[in-house]
Amino acid sequence: MIEVIAPGPYATVQDLGRPGYAHLGVPRSGAADEPSLRLANRLVGNPEGAAGIELTLGGARLRFTTGAWAAVTGAACPLDLVRPRAALPGGTVPAAAGGVSVSSVSRMSVSSVSSVGSVGSVGSVGGASTGDASPGETIRRVTVPQGMCAPFWVPAGGELRLGMPGTGLRTYVAVRGGVEAPVTMGSRSTDSLSGLGPAPLAAGTVLPVGPTGGLPPITVDAAPRPRPGTGVLRVLPGPRDDWFVPGALATLCAEPYEVSQDSNRVGVRVRGPRLERAREGELPSEGMVAGAVQVPPSGQPIVFLADHPPTGGYPVIAVLTSASLAGAAQLRPGDRVRFASPDRPAAGPRGRRSGVRYRAVHRSPREDGHRRVRAARAWPGQGRPAGLVRAPRA
């Protein structure tokens, strides 16, 4: 069991969502930065789709009432484990089904050791709760720094503390066995738009942890940290780019936009050059996908994320490549971001443009019954999407 002592600004349970219900008006939801949740689960031997905890801007404190293996990925943040003195490295740390060596655990350095003498009332030791102490007992706790993207053992009574990330927005905590929140329509995810799934985490929330008996052993000590985002979101022309004046897509890619504080799990709102329409009025509602760049009458784009509505009536000028979705999910208010299309790479600080030019020769059917350019890997070092071929050099 995991007890939430402090959830931080916003914390939810997320897995890979509930696909297949768009025709019923139900968003897919799921982790906003899906690759980070998948990685966290792999590190502790879970299936990639197991439920974990998604934190926004860190700031969480989680107390483990039973020992468990855990891993933290996504936006890098200060990470400390406050543990009882009896559970210090060198004690008994169970291997995960005979898979991971605990020698690396026993070599961890202890950053601080706190103690309290005759405890007559509930207090704190070095910031750690001592509410389980009986009068007259001596409680000793230690704070052990932990690393991102590596599995580590949390003993019973241990408290995991996550600070605010220096860059990025969302951090993911996976525990071996997965978080066993109630299942709604095939998913344990919290959907901030429809209200489906468990409520956002609050102080006092208790999360059950699933069984670990049938899981494969943990076979890695650490994974390379993903490279920091470049501040560039790769896009392809959307299905309604003809609703905009000629050059609107070039305008989108010409100057940086600033992320608005009104952004959330539904979408990233950005402020910058206005995108002018060539047509008046609005479209009948049509299907939407994560990564769609929708433009309301204000002319300021909205990039849809995991909790986006299944349908929308504003024209979509562009669609993010699949590889750029995770980067969009890590944008925080005040960040500056550039868009880049195959025909219009993002300009650098001195106006130079980088990237390989492509020309479109085919569009595959859009997901959920409407056209969409499939753009999983469109850029140098990441391949290019089906339907695009390298253009000859001029």
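Note: the structure precedes this text.
Summarised in this report is the structure supplied together with it.

Conventions used here
Residues numbered from 1 in each chain as written. Predicted model: local features only at pLDDT ≥ 70, side-chain atom pairs only at ≥ 80, totals over all residues. Heavy atoms only, no water. Core = buried A, V, L, I, M, F, W, Y, C linked by side-chain atoms within 4.5 Å. Buried < 20%, exposed > 50% of the residue type's maximum accessible area, 1.4 Å probe, protein only. Helix = DSSP H or I, 4+ residues; strand = E, 2+ residues; numbered from the N terminus. Contact = heavy atoms within 4.5 Å. Pairing = 2+ DSSP bridges. Axes fitted to C-alpha atoms, helices over the stretch in contact; angles between N-to-C directions. Phe/Tyr/Trp six-rings, centres within 6.5 Å; stacked < 30°, edge-to-face > 60°.

1. Considering the nonpolar core
Among the nonpolar cores identified, the biggest contains 34 residues, and F64, L160 and L162 are the most heavily contacted of them. Broken down by element, this core gets its largest block of residues, four residues, from strand 5 (residues 68–74). Aside from chain neighbours lying at most four places away, what touches L162 is L55, G58, G59, A60, V72, C77, P78, L79, T171 and V173. Counting 26 residues, the second-largest nonpolar core is a separate cluster that includes V259, V303, I317 and V337.

2. Some details on the pairing of strand 4 (residues 61–64)
Residues in a regular strand point their side chains to alternate faces of the sheet. Where strand 1 (residues 2–6) meets strand 4, four bridges bridge the pair, whose relative direction is antiparallel. Bridged to V4 within strand 4 is L62. Where strand 4 lies against strand 12 (residues 159–162), three bridges are found, and the strand directions are antiparallel. The residue bridging R63 from the neighbouring strand is E159, located in strand 12.

3. Notes on the sheet that holds strand 2 (residues 10–14)
The strand order across the open sheet formed by five strands is 2-3-13-5-11, and the pairing between neighbours is antiparallel. The open sheet has two edge strands, strand 2 and strand 11 (152–154), and neither has a second partner. Taken over all neighbouring pairs, the strand axes of this sheet differ in orientation by 30 degrees on average, direction set aside. Pairing analysis gives three bridges linking strand 5 to strand 11, with the strands arranged antiparallel. Residue pairing for strand 11: A68 is matched across the bridge by V154. Across the sheet, helix 1 (residues 34–43) lies against strand 2, strand 3 (52–56), strand 5 and strand 13 (170–175), angled at about 155 degrees from strand 5, the strand it touches most.

4. Observations concerning the packing of aromatic side chains
In the structure shown here, the tally under the stated rule is two aromatic pairs. Aromatic pair W69 and W153: ring centres 5.7 Å apart, planes at 65 degrees, arrangement edge-to-face. Here W69 is found in strand 5, whereas its partner W153 is found in strand 11, with 84 residues between them in sequence. W153 gets classed as buried once you look at its relative accessible area, which sits at 12%. Judged by centre distance (5.8 Å) and plane angle (80 degrees), the ring pair of Y257 and F339 falls under edge-to-face. Here Y257 is found in strand 16 (residues 257–259), whereas its partner F339 is found in strand 23 (residues 336–340), with 82 residues between them in sequence. The class of F339 is buried, set by a relative accessible area of 1%.

5. As for helix 4 (residues 322–329)
Among the residues making up helix 4, those that are buried are S324, L325, A326, A328 and A329. In this structure, the buried residues of helix 4 make contact with helix 1, strand 13, strand 15 (232–237), strand 17 (267–271), strand 20 (302–304) and strand 22 (316–320).

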